[in-house]
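Residue-level listing of the chains:
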Amino acid sequence: MTVTDIPDLPDLARMRQETGQKLRASMARQGADALVLLGNSNVSYATGVSWPLGDSGLAHVDRPVAVVLADDPEPHLFMPFREGAVPGAELAAGHRHDPVYLEYDEGAELFAGQLAELVPPGAVIAVDELTGAMRRSQARLFPGGPADAGRIVTAAKTTKTADELACMRRALRITEEAMADVERAVAPGVRQVDLSGRFVRRAFELGATANLLDPIWQVMPPSRAEGVWTIHGDLALPLLTTERELVRGDVLWVDVSISWGGYCSDFGRTWVVGQDPAPRQRAQFRRWTEIVGAVREVTRAGATGADLTKAAIEAHGDGTRPWVKHFYLGHGLGVDAAEMPFVGTDLGDEFDQSLVLEAGNILVLEPIVWEDGTGGYRAEEVMLITDDGYIPLSDYPYTPYGD
């Protein structure tokens, strides 16, 4: 695949047809006859419907539910009315249903009857989440016991179609344009929350469907010892945005994510407030670029996660991992802001050795270079994995450290 293979605008009907085929193929490989999906991103992936998340306090109660059958090309959607909901493709007649409320015993019992009408007796049913009420009604909902739908969906969505990539590229462009507006506003006296407001407003003006992450403008401490205490002794990241006013010389680690058409962006950079980086800070940025360059040298379909972590550690130069312990060197991106493949997690080297990159994977590299007294450097780069390498999807400068 090349950049020219990615359309300017996605064909949503084609995308849903292709993602549906991938999902049912994954079901067949793992022996599932039906999926019951409660997770917002899984429902969006299976049905093509995306919606603004207005009240997170109700997200676990008043949420859509999808049922996918192995022998039906159209999913079933149980969904409350959603102002602003975006259908990726019109559902077939008889596949749009009234909402179900699976946090409640009455709702789980009602859904058990509806599910029995859709799924034949003896079918293997997989589910991604179970509410308390669903556990109490488990014998009716899943007579043979529930299988794990999370693995099935993860296997299907790991590689991206051209239309999925078009959605993601649109989300990335919206994010980068909004962030350019925010960067121009960074100055002493500006509050962190002011930057958040500016970003969210501009992103929605540009067409964002949802803001997925409370924007992070983390002021990094001069040293680990002066930072927030952590159980593992490493840097605390991320920290909540506050009304703190920025001061000259603050080093900001920036991280935001929005959604367009159900697919996510990811953006990370380091900024310095009100002045140019000091020589030691520029040296850290140069080491960061060396680490990213070394990882890119070995990145291609067929490479393992261990190949990437080894390259990063060797380029770092001191034998330590250039990322914080509770995160990773890289992660996937799609309907979730962080999804498979994960590289360099606390699952350990054995997991990294078993993880093999495929053409069509998205990988977000986010190494960190830290040195007390500098505030460190962190940035994120989004890449599409190809048979012979990668295609960069990020296109934002490294100001004020470099071009």
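Before reading on, note that the structure itself is shown above.
Each value, and the rule that gives it
- Think of each chain on its own: its residues are numbered from 1, step by step along the sequence as written.
- Where totals are concerned, whole chains, interfaces and linings use all residues; where local detail is concerned, this predicted model gives features only for residues with pLDDT of at least 70, and gives and counts side-chain atom pairs only at 80 or more.
- Hydrogens and water are ignored here; the side-chain numbers use all heavy atoms of the structure.
- Strands here mean DSSP runs of E at least two residues long; helices mean DSSP runs of H or I at least four residues long; both are numbered from the N terminus.
- The quantity called the radius of gyration is restricted to C-alpha atoms. Its globule counterpart is 2.2 Å times the number of residues to the power 0.38.
- Under the scheme applied here, a residue whose accessible area is under 20% of the maximum for its type counts as buried, over 50% as exposed, and between as partly exposed, the area being computed with a 1.4 Å probe on protein chains only.
- Working definition of accessibility: Shrake-Rupley area with a 1.4 Å probe, residue cover restricted to the visible protein chains.
- Positive charges are assigned to Lys and Arg, negative charges to Asp and Glu, while His and the chain termini are left out of the count.
- Just so you know, the charge point we use is NZ for Lys, CZ for Arg, CG for Asp and CD for Glu.
- Only the stretch in contact is used when a helix axis is fitted, and all axes are lines through C-alpha atoms; the angle between N-to-C directions ranges over 0 to 180 degrees.
- Between 65 and 115 degrees an angle is taken as roughly perpendicular, under 35 as roughly parallel, over 145 as roughly antiparallel, and anywhere else as oblique.
- Each crossing gets its handedness from the near helix: less than a right angle anticlockwise from the far helix is left-handed, clockwise is right-handed.
- Residues count as neighbours in contact if any of their non-hydrogen atoms are within 4.5 Å of one another.
- We call Asp, Glu, Lys and Arg charged. Ala, Val, Leu, Ile, Met, Phe, Trp, Tyr, Cys and Pro are nonpolar, and the rest, Gly among them, are polar.
- Any carboxyl oxygen of Asp or Glu that lies within 4 Å of a side-chain nitrogen of Lys or Arg is treated as forming a salt bridge with it.
- By this definition, two strands are paired if DSSP reports at least two bridges between them.
- Here the expected length of a helix is defined as 1.5 Å per residue gap, with one fewer gap than residues.
- Pairing of N or O atoms within 3.5 Å defines a polar contact, subject to two protein rules: one partner must be a possible hydrogen donor and the other a possible acceptor, and residues neighboring in sequence count only if both atoms are side-chain atoms.
- Two cysteine sulfur atoms form a disulfide, by the criterion used here, when they sit within 2.5 Å.

Colleague: Mind showing me how you'd approach the overall build of the protein here?
Modeller: Of regular secondary structure, the protein possesses 11 helices and 21 strands. Rg of the C-alpha trace for the protein: 22 Å, near the compact-globule value of 22 Å for 403 residues, within the 12% margin. With the C-alpha coordinates of the protein rotated into their principal frame, the extents come out at 70 × 45 × 45 Å. For the protein, the proportion of its 403 residues judged to be buried stands at 52%. Of the roughly 17500 Å² that the protein leaves accessible, carbon and sulfur atoms contribute 51%. A distance of 3 Å separates the average location of the 36 positive side-chain charges in the protein from that of its 59 negative side-chain charges.

Colleague: Help me understand the packing of helix α2 (residues 40-47) against helix α6 (residues 149-157) in this model?
Modeller: Two numbers describe a pair of packed helices, the interaxial angle and the distance between the axes. Their axes nearest at 11 Å, the elements α2 and α6 cross at an angle of 55°. Relative to α6, the element α2 is oriented oblique. Viewed along their axes, α2 and α6 form a crossing whose handedness is left-handed. In contact with Ser41, Asn42 and Tyr45 of α2, α6 contributes Val153, Ala156 and Lys157. Class assignment of the residues belonging to the contact of α2 with α6 gives a composition of 3 nonpolar, 2 polar and 1 charged.

Colleague: How should the pattern of salt bridges be read in this particular structure?
Modeller: Note on pairing: side chains with opposite charge can pair once their charged atoms come close. Per the counting criterion, the structure on display carries 28 salt bridges. As a salt-bridge pair, Glu243 and Arg191 come within 3.6 Å of each other at their nearest N and O atoms. On the criterion of sequence distance, the pair formed by Glu243 in the loop between β10 (216-219) and β11 (251-256) and Arg191 in the loop between α7 (162-185) and α8 (192-205) is long-range, its members being 52 residues apart. On the basis of relative accessible area, Glu243 is assigned to the exposed category, the value being 57%. For Arg191, a relative accessible area of 29% translates into the label partly exposed. Taking the shortest distance from any N to any O, the salt bridge between Glu205 and Arg201 comes out at 3.3 Å. With Glu205 and Arg201 both in helix α8 and 4 residues apart, the pair spans about one turn of that helix. For Glu205, a relative accessible area of 48% translates into the label partly exposed. Connected through shared salt-bridge partners, Lys157, Lys160, Asp336 and Glu339 make up one network.

Colleague: Just checking my understanding: could you explain the sheet that holds strand β6 (residues 96-97) for this structure?
Modeller: Hydrogen bonds between backbone atoms are what pair the strands of a sheet, whose relative direction is either parallel or antiparallel. Judged by pairing direction, the sheet is mixed, and its 6 strands sit side by side in the order β6-β4-β3-β1-β7-β8 without closing on themselves. Across the chains shown, the open sheet's two edge strands, defined by having one partner strand only, are β6 and β8 (147-148). Where strand β1 (residues 34-37) meets strand β7 (residues 125-127), 3 bridges bridge the pair, whose relative direction is parallel. Its bridge partner lying in β7, Val36 is registered against Val127. Those strands touched by α2 are β1, β3 (65-69) and β4 (76-78), and its axis lies near 45° from that of β3.

Colleague: Can you walk me through the sheet that holds β10 in this structure?
Modeller: Reading across the sheet, the 3 strands line up as β10-β11-β14 and stay open at both edges, with antiparallel pairing between neighbours. Two strands close off the open sheet at either side, each with one partner strand: β10 and β14 (267-272). Direction aside, the axes of adjacent strands within the sheet are offset by 20° on average. Strands β10 and β11 of the sheet are contacted by α8, whose axis makes an angle of about 160° with β10.

Colleague: How should I be thinking about helix α1 (residues 12-29) in this particular structure?
Modeller: Each α-helix winds once per 3.6 residues, and so residues spaced three or four apart point in a common direction. The end-to-end C-alpha distance of α1 is 26 Å, a good match for the 26 Å that 18 residues give at a rise of 1.5 Å each. By the N-cap criterion, in which a side-chain oxygen at the helix start approaches the backbone nitrogen of a residue two or three places on, α1 is capped by Asp11, the distance to Ala13 being 3.3 Å. At the exit of α1 stands Gly31, carrying a positive phi of roughly 70°.

Colleague: Looking at this structure, how should I read the state of the cysteines?
Modeller: Enumeration according to the criterion identifies 0 disulfides in this entry. For the unlinked cysteine Cys167, the closest cysteine sulfur is that of Cys264, found at 11 Å.

Any functional reading would require information that these geometric values do not contain.
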